[in-house]
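Below, each chain spelled out in residue letters.
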Amino acid sequence: MSQTKTKDHAALAGAFIKDEERVDWHDGALWYIREKRDIAAKQIPEWEQLREAASMIKSNVISNLHEYLLQFEANLKKNGVTVHWADSAEEHNEIVYSILKAKEINQMVKSKSMLTEECHLNEYLEERGIEVINSDLGEYIQQIDNEPPSHIVLPCIHKRKEEIGELFHEHLGTEKGLSDPTLLTRVARKHLRNIFLTRRGALTGVNFAVAETGEYVVCTNEGNADMGAHLSEVQIASMGLEKIIPQKKHLGIFLRLLARSATGQPITIYSSHYKKPRKGQEMHLILVDAGRTRQLGRKDFRDSLKCIKCGSCMNTCPVYRKSGGLSYHNTISGPIGAILAPNLDMKRHADLPFASTLCGSCSNVCPVKINIHEQLYKWRQVIVKEGYAANTKALGMKTMAWTLSSPGKFTKAGRAGRWFLQNVPFVVNNKFNPWYKQRDMPEGPKESFAEWFIKNENKKP
Amino acid sequence: MTTREKILGAVLKNQPPAIALPDTSMFKGDSIDLVQKYMDVFKKIGGSSFLVGDIAAVKILITENFDTAKRIVTTLPELSDNFELISDTVDPHSYENIELAIIKAHFSVAENGAVWLTEEVMGQRIIPYICQHLAVIVHAESIVPTLHEAYEKIGPGDYGFGGFIGGPSKTADIEQALVLGAHGPLSMTVFIIK
């Protein structure tokens, strides 16, 4: 499941759109979820006030994070939970390994956790002889196909049922050609039930961590987090620092927004509040930084830490819907991924803020009102300034800056452009011009506005 | 310097000036017709509900709707003549083969169909997740309009584990096709006692 970057977003998207039928289907499937979100949101008259309140609560969290982390930690300890702090992905993985090793556990079941995907925990543990099984159905499918999730809520949304049927045939011994979603789900249910019953270690992610009480909430539709956790001897929760919320009553606001924004459901089927370990059970919680405090220090980008991982920005994004989540070559894809990833590695993810039309639809659906499209635009400026922009873009912008720096150069360049478009259009309408890909160059006007103005100004009586 | 000190130091250095919490007291639901609203929403999310007079009626409906030859467990002493009482001391794995669990919820939420359960009413934490079918009993007067009233009712909560459950487990991971019964129960029934 390595994410070695070989190609940029444009090249990976280029490969994805070759299969036109699949692109249309993918586009439609995600838009359908966006529509379900709209229907659910419209049933709540105070929807916009809820978004505003959620955004303000998260602003309060970001600006008082130090205090809330201390409060949360103290309450966790009071509740009998062991608290760990991890500065980096490596440190997080080492902590998980040491917890399992101390109990001689060599098999672990995991529920959906984008953070552990981001940390490449599975690979780390497997290299050390610990087997990890992802229990969310979509993540399980991605795991057996050796691919990362393409969507944070719908991990295998880019796959057709026939492809999943083929994977099940290969890995679970189902009949060849079986592709019925219900039958495939039943097979996975049976297989994974045996996993839950035999694993002594279980790891979950965290949706919300309440500073006031020290409890954390995990939301699933499948029930996999609870099946793993309540049958385990050792329960581990991994969370990014930003998952804190101040008070328990705030859960009312966030849980009303989360599922409606994600899938159009009124609530996720299971919203589990974990507070104290079961008798005889060990409970650990790992607080992970991995770049979050750096993002906190970036004035223009710190609001990205408000994200509650609903995925609605992906479902609405015209670029995401037509390029697929894997083209973002980052655990969190889509618009939110494109503003989080450059903080982790600006050079590696320099292409992502450009994978957008800046239409602003992402910001309009975001339940915590992150100004995603504005941040995309700001990241572009930072990336160009830092010298990480792709060569063609940097060259284009330099030429543009040179041309626009004096009226004389601008007038000459405009005249030349019009002459080329009118007389020798093939010079620009060819594959060496990246703009021409999937676009026609416009017909050149006969004269510029300035030329027209001068001519007509003189005609005045 | 420990990792903890390093992270907390970086947070303190990088967090912006404090912004106050918003007033959220205006968020309230509408208390009209809660039973009907609850039943409508619960049906939409794939559950079934019955409005009944008493526990005796629940007993009859259970024998009519479920396979009583299979293992059925409950936390309700009123049902212990017919069904096995859940023990909170045995290994949770021993509940692997239960067909139906009948438990009581503290209350339910009209806007989303969810019931609120804590481990005391579950018998054991694993019960409402591991059973093939889940039946929950709730009193009509305990239904609240929205999650705001729900959290007011829960308060700080003296529990080790609690959860909202809103319907049978489900997945749409394969081509967005909705399948009821992912890892948790295949069905969920709520008996509302008038």
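Worth saying up front: this structure is predicted, and the values here are computed from it rather than measured.

Next up on the list: the overall build of chain A. Across its full length, chain A carries 21 helices and 10 strands. With the C-alpha coordinates aligned to their principal axes, the bounding extent of chain A is approximately 95 × 55 × 45 Å. In chain A, the share of contacts with a sequence separation of at least 24, taken over all contacts with a separation of at least 6, comes to 74%. Carbon and sulfur atoms form 55% of the exposed surface of chain A, whose accessible area is close to 19,600 Å². The average position of the 64 basic charges and that of the 53 acidic charges among the side chains of chain A differ by 5 Å.

Take the domain arrangement of chain A next. Annotation of chain A at the domain level lists domain 1 (1-43 + 301-389), domain 2 (51-290) and domain 3 (396-456). For domain 1 of chain A and domain 3 of chain A, the distance between their C-alpha centres works out to 31 Å.

At the interface, 92 residues of chain A touch 68 residues of chain B. When the two sides are added together, the surface that chain A and chain B hide from each other amounts to roughly 6,800 Å², 61% of it contributed by carbon and sulfur. Viewed at the interface, chain B and chain A are joined by seven salt bridges. A salt bridge links Arg260 of chain A to Glu111 of chain B; its shortest N-O distance comes to 3.0 Å. Scanning the region where chain A abuts chain B turns up 42 residue pairs in polar contact (both at pLDDT 80 or more). Considered class by class, the residues forming the side of chain A that touches chain B number 41 nonpolar, 25 polar and 26 charged. For strand 9 (residues 270-274) of chain A and strand 8 (residues 161-165) of chain B, the ladder comprises five bridges, and the chain directions are antiparallel. Directly across from Ser272 of chain A, in strand 8 of chain B, lies its bridge partner Gly163 of chain B.

At a minimum axis distance of 6 Å, the contact between helix 19 (residues 391-404) of chain A and helix 20 (residues 407-423) of chain A shows a crossing angle of 115°. Mapping the contact onto sequence places Trp402, Thr403 and Leu404 of chain A in helix 19 of chain A and Lys409, Phe410 and Ala413 of chain A in helix 20 of chain A.

Before going further, it helps to examine the environment of Cys317 of chain A. Residue and element names in this part refer to chain A. Mapped onto the elements of the fold, Cys317 is located in the loop between helix 14 (312-316) and helix 15 (318-323). For Cys317, a relative accessible area of 9% puts it in the buried group. Distance in space between the C-alpha atoms of Cys317 and Trp452 is 40 Å, their sequence separation being 135 residues. With near-sequence residues (within four places) excluded, Cys317 lies in contact with Tyr328 and Pro335.

We now examine the pairing of strand 2 (residues 107-110) of chain A. All names here are of chain A. Note that strand 2 and strand 3 (residues 131-134) share four bridges and pair parallel. Across the sheet, Lys110 pairs through a bridge with Asn134, a residue of strand 3. With three bridges joining them, strand 2 and strand 4 (residues 201-204) adopt parallel strand pairing. Bridge pairing in strand 4 links Lys110 to Leu203.

The next thing to look at is unusual backbone geometry. Phi at Glu104 of chain A takes a positive value of approximately 50°, unusual for a residue other than glycine. Checked against the element boundaries, Glu104 of chain A lands in the loop between helix 5 (89-102) and strand 2.

The tally for this structure, following the rule as stated, stands at 15 aromatic pairs over all chains. Relative to Tyr159 of chain B, the ring of Trp116 of chain B has its centre 5.7 Å away and its plane inclined at 70°; by these criteria the two rings are edge-to-face. With Trp116 of chain B in strand 6 (residues 115-118) and Tyr159 of chain B in the loop between helix 6 (147-154) and strand 8, this pair connects stretches of sequence that are 43 residues apart. Clustering of aromatic rings is evident, with ring pairs tying together Tyr216, Tyr270 and Tyr274 of chain A together with Tyr129 and Phe161 of chain B. When the ring centre of Tyr124 of chain A is taken as origin, the NZ or CZ atom of Arg128 of chain A, which lies over that ring, is 3.6 Å away.

In this section: the packing of helix 8 (residues 137-144) of chain A against helix 9 (residues 161-172) of chain A. Residues and elements named next belong to chain A. In the contact formed by helix 8 and helix 9, the axes pass within 10 Å of each other and the chain directions differ by 70°. Relative to helix 9, the element helix 8 is oriented roughly perpendicular. For the pair helix 8 and helix 9, the crossing hand works out as left-handed. From helix 8, Leu137, Tyr140, Ile141 and Ile144 reach across to helix 9, where they touch Ile164, Leu167, Phe168, His171 and Leu172. Grouping the amino acids of the contact of helix 8 with helix 9 by side-chain chemistry returns eight nonpolar, one polar and no charged.

Moving on to a nonpolar patch on the surface. The grouping of Trp419, Phe420, Phe426 and Val427 of chain A at the surface amounts to a nonpolar patch, some 420 Å² of accessible area in total. Looking at the element boundaries, Val427 of chain A is found in the loop between helix 20 and helix 21 (449-459).

Now for the sheet that holds strand 9 of chain A. Read from one edge of the open sheet, seven strands run 8(A)-5(A)-6(A)-9(A)-8(B)-6(B)-5(B), paired in mixed fashion. The strands lining the two open edges of the sheet, one partner per strand, are strand 8 (244-245) of chain A together with strand 5 (107-108) of chain B.

Thresholds, definitions, all that
Residues numbered from 1 in each chain as written. Chains lettered and ligands numbered in written order. Predicted model: local features only at pLDDT ≥ 70, side-chain atom pairs only at ≥ 80, totals over all residues. Heavy atoms only, no water. Helix = DSSP H or I, 4+ residues; strand = E, 2+ residues; numbered from the N terminus. Contact = heavy atoms within 4.5 Å. Areas by Shrake-Rupley, 256 points an atom, 1.4 Å probe, with all protein chains shown as cover. Lys, Arg positive; Asp, Glu negative; His and termini not counted. Charge placed at Lys NZ, Arg CZ, Asp CG, Glu CD. Domains from an automatic or database assignment. Buried area = accessible area lost by both parts, 1.4 Å probe. Salt bridge = Lys/Arg side-chain N within 4 Å of Asp/Glu carboxyl O. Polar contact = N/O pair within 3.5 Å; in protein donor to acceptor, adjacent residues only side chain to side chain. Nonpolar A, V, L, I, M, F, W, Y, C, P; charged D, E, K, R; others polar. Pairing = 2+ DSSP bridges. Axes fitted to C-alpha atoms, helices over the stretch in contact; angles between N-to-C directions. Buried < 20%, exposed > 50% of the residue type's maximum accessible area, 1.4 Å probe, protein only. Phe/Tyr/Trp six-rings, centres within 6.5 Å; stacked < 30°, edge-to-face > 60°. Lys NZ or Arg CZ within 6 Å of the ring centre and 35° of its normal. Parallel < 35°, antiparallel > 145°, perpendicular 65-115°, else oblique. Left-handed = near helix turned anticlockwise from the far one by under 90°. Patch = residues over 30% accessible without salt bridge, like charges linked within 9 Å, V, L, I, M, F, W, Y side chains within 5 Å.

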